[in-house]
Amino acid sequence: LDIAIRQLEPALEIDPSYAPAAALAAFCRVRQVGHGWVRRTPELEAVASRLARRAIDTGKDDPDALSMAGQAIAVFSGDHKAGAAAIERALMLNPNAALAWTLRGWVHLYLDEVDPAIAAFERASRLSPLDPQGYNIKGGFARAHLTAGRYEEAMRWVDQTILEQPRYTPTLWMKVVLCELMGRHNEACEALKPMLEAWPGFTIEAFTSYARHHYTARLRAIYVEALRKAGLPEG
């Protein structure tokens, strides 16, 4: 992702209005922050938001650019309405874009909108059943069911996601949370170990900083309480 960003920067110097480069540069930062590979800072948020808005403004006929920029706007600025609108336009341009359906599902989850999120992930799965980033779809199902209080079903999806991508940190901390929510404290403590291996130095403070724009206050509180019980350091 670092190499990708370094190659995208000169492309944008040549043509600042080139939407695919701006959208991908913002999307790379979504992934970096989501996996804990870079720290979320106000400076990073500002850069990613600026790139995403540029992609939306100049890429109105590019469904891939619109969908990637739409998620980035929602994650880094909290403007879920603008993010959803960009992804909706992407799907009008290409109703068979599996990535756009996946990202639409995630933006619904940022608002705890479980049913439309699940419908979007199901559509993405049908369109791309062997998607190389299928773990992102499965992780979406997991979070949707956790949000709805269906913990056993959420855990089933968590385990499938981890099997496919063992270092996908949002699912690793979801497993810790689910174990605590289901009264399985010892398992939660064990699940904390691979999570901290994947994201060294992860703390309650790091989670709340990471999650402020794309977890509702209700869901953040559930996660924080469970992570704290499992023994995650405060910061």
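The notes below deal with the structure included here. (Residues numbered from 1 in each chain as written. Predicted model: local features only at pLDDT ≥ 70, side-chain atom pairs only at ≥ 80, totals over all residues. Heavy atoms only, no water.)

### Brief notes about the environment of A230
Defined as follows: Where helices and strands are cited, they refer to DSSP runs of H or I of at least four residues and of E of at least two residues respectively, numbered from the N terminus. Buried means the residue's accessible area, taken with a 1.4 Å probe over protein chains only, is under 20% of the maximum for its type, while exposed means over 50%, and partly exposed covers the values in between. Every residue pair with non-hydrogen atoms within 4.5 Å of one another is taken to be in contact.
The topology assignment puts A230 in helix α13 (residues 217-230). Look at A230 and you get buried, because its relative accessible area is 6%. With sequence-adjacent residues up to four places away left out, A230 is seen in contact with V176, E180, H185, A188, C189 and L192.

### Some words on the packing of helix α10 (residues 169-181) against helix α11 (residues 185-198)
Inclusion rule: Note on geometry: axes are lines fitted to C-alpha atoms, helical ones only across the stretch in contact, with angles between N-to-C directions running from 0 to 180 degrees. By definition in this entry, angles of less than 35 degrees are roughly parallel, angles greater than 145 are roughly antiparallel, angles of 65 to 115 are roughly perpendicular, and the rest are oblique. Take the far helix as the reference: if the near one is turned anticlockwise from it by less than a right angle, the crossing is left-handed, and if turned clockwise, right-handed. Asp, Glu, Lys and Arg are counted as charged, while Ala, Val, Leu, Ile, Met, Phe, Trp, Tyr, Cys and Pro are counted as nonpolar; the rest, among them Gly, fall into the polar class.
For the pair α10 and α11, interaxial distance at closest approach is 8 Å and the crossing angle is 165 degrees. In terms of axis orientation, α10 runs roughly antiparallel to α11. Two packed elements cross with a definite hand, and for α10 against α11 that hand is left-handed. Of α11, the residues touching α10 (which contributes T169, L172, W173, K175, V176, C179 and E180) are H185, E187, A188, A191, L192, P194, M195 and A198. Of the residues contributing to the contact of α10 with α11, the split by class is ten nonpolar, two polar and three charged.

Taken by themselves, the reported measurements are silent on function.
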